[in-house]
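# Structural overview for review
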Amino acid sequence: FSKRRKAAKGGAQGAAGQEPPAADEEKPPPQYSWDQRAKVDPKDYTFSGLKDETVGRLPGKVAGQQFVIQDCENCNIYIFDHSATITIDDCTSCQIFLGPVKGSVFFRDCKDCKCVVACQQFRTRDCRKLEVFLCCATQPIIESSTGIKFGCFQYYYPELALQFKDAGLSIFNNTWSNIHDFTPVSGENNWSLLPEDAIVQDYVPLPTSEELKVIRISTDTVKSIIPITRGGRQKSSEESCLAVFFAGDYTTANARKLIDEMTGKGFLLVQTKEVSMKAEDAQRVFQQSASDFIPLLEKGPVVALEFNGDGAVEGCQSIINDVFSGTKVFVSENKEAASRDVDSFYNFADMQMGM
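Residues numbered from 1 in each chain as written. Predicted model: local features only at pLDDT ≥ 70, side-chain atom pairs only at ≥ 80, totals over all residues. Heavy atoms only, no water.

### Let's talk about the sheet that holds strand E13 (residues 240-245)
The four strands lie next to each other as E14-E15-E13-E16, forming an open sheet whose pairing is antiparallel. At either end of the open sheet lies a strand with only one pairing partner, and these are strand E14 (268-275) and strand E16 (329-331). Going from strand to strand, the sheet's axes swing by 15° on average, the running direction of each strand aside. Sheet topology places E13 next to strand E15 (residues 302-308); six bridges connect them, and they run antiparallel. (Pairing = 2+ DSSP bridges. Helix = DSSP H or I, 4+ residues; strand = E, 2+ residues; numbered from the N terminus. Axes fitted to C-alpha atoms, helices over the stretch in contact; angles between N-to-C directions.)

Here it is in structure tokens:
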């Protein structure tokens, strides 16, 4: 009706000798917020059909988008940013670094590739001879694949910690060696672990192009953003120890400090986990001392560390008392209790994470 009134009014003005509006004059179309978003060009998030090249994306250039790598041969490929998902199809003899991926990384029909990967989900299908330094929050899966080797993710550059947060990944949740083979072959093993002393740079060299050399990378295991764990490798001792830090401003720093102190004394870090706990979970895991820790659970997830080695319990208790005297930390009471603590906590944590 408002349009009619305006038209009538315009007609009246025309009758009074004023110019009526031009018949073809139209209002500009309405602008919506989604029309003003930067248009995404898929070519900016794709490496396809490359051979003998070094290519990459700098921090901030992917910014959580999906990425596709396909039909590449003998290339060095580096994604120094976080992304939503990444698929790698039909690649041969490539060295690949993938920064934190919020969702899945899926290798299909690839062979003779060496990779460093951090993701929520990892899967291969119809692949041969992949060597992967992996951080994966869930159980990695291989399907119709052979000759797949895994090691623990070890990498550092200044932007990496924030990229893990942007991707929603915890540096303490890494099941890199807990592989599920969808298509096992009787009498054969389609996957194995890389040598414990494997050096990342021997597999995925640092970038040499002028564009990518600006990234300040370290592959020193001490600097790795992800704690280096033994995972599924055989333990050196029958004695393990569980230490649990509760949510607070310095939880991550405290956990890393204890790892440095314990490994500096020759103890081995077997596995780590960050997970939320309820009161009933604490009763089951912490048993007699649960009442001391239940009030702390409301602040956020806990960070648990398993150490292994003769004297691990006494060594851990000593460091906790000396270095963390003002911090509430659960640590196994003795060697006998430690085995139960480790089993009950990680059984609970695996159930929580659906593994």
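### Quick look at the layout of surface pockets
Taken as a whole, the largest pocket holds about 480 Å³ of empty space. Lining the largest pocket are 25 residues, and of these Thr221, Pro227, Ile228, Thr229 and Thr263 lie nearest its centre. Sorting the residues of the lining of the largest pocket by element identifies strand E10 (148-152), helix H4 (251-264) and E14 as the ones contributing at least two each. At four residues, the largest contribution of residues to the lining of the largest pocket is made by H4. (1 Å grid on protein atoms, 1.4 Å probe; cavity = no way out; pocket = protein on both sides within 12 Å on 5 of 7 lines; lining within 4 Å. Points joined across faces, edges and corners; volume = space filled by probe spheres on them.)

### Points about the environment of serine 237
For serine 237, the location among the structural elements is in the loop between helix H3 (200-203) and E13. According to the relative accessible area criterion, serine 237 is buried, its value standing at 11%. Once you skip the residues sitting within four places of it in the chain, serine 237 turns out to touch Asn308, Gly309 and Asp310. A distance of 2.9 Å separates the side chain of serine 237 from the backbone nitrogen of glutamate 239, its partner in a polar contact. At 2.6 Å, the side chain of serine 237 and the side chain of aspartate 310 are in polar contact. (Buried < 20%, exposed > 50% of the residue type's maximum accessible area, 1.4 Å probe, protein only. Contact = heavy atoms within 4.5 Å. Polar contact = N/O pair within 3.5 Å; in protein donor to acceptor, adjacent residues only side chain to side chain.)

### Thoughts on the confidence of the model for the chain
Looking at the chain as a whole, the pLDDT averages 90, with 89% of positions reaching at least 70. Contacts from residues 5-9, a stretch scored under 50 in pLDDT, to residues over four places away or in other chains number one contact. Taken as a whole, residues 12-16 scores under 50 in pLDDT and shows one contact with residues more than four places along the chain or in a different chain. (pLDDT = per-residue confidence, 0-100.)

### Observations regarding the pairing of strand E8 (residues 128-136)
Side-chain positions along a regular strand alternate between the two faces of the sheet. Within E8, seven of the nine residues are buried, which leaves it mostly tucked inside the rest of the structure. The sheet contact formed by strand E7 (residues 111-125) and E8 spans eight bridges and is parallel. Following the sheet pairing, lysine 114 is matched in E8 by glutamate 131. Sheet topology places E8 next to E10; four bridges connect them, and they run parallel. For phenylalanine 133, the partnering residue across the bridge sits in E10 and is glycine 151.

### Some remarks on the side chain of serine 83
By the secondary structure assignment, serine 83 is in the loop between strand E4 (76-79) and strand E5 (86-89). On the basis of relative accessible area, serine 83 is assigned to the buried category, the value being 1%. Here serine 83 is in contact with Val62, Gly64, Gln65, Pro100, Val101 and Lys102, once residues within four sequence places are set aside.

### Some points on the side chain of arginine 230
Its place among the elements puts arginine 230 in the loop between H3 and E13. In terms of polar contacts, arginine 230 uses its side chain to reach the backbone carbonyl oxygen of glutamine 234, at 2.5 Å. Beyond its immediate chain neighbours, meaning those up to four positions away, arginine 230 contacts Trp176, Glu196, Leu268, Leu269 and Val270.

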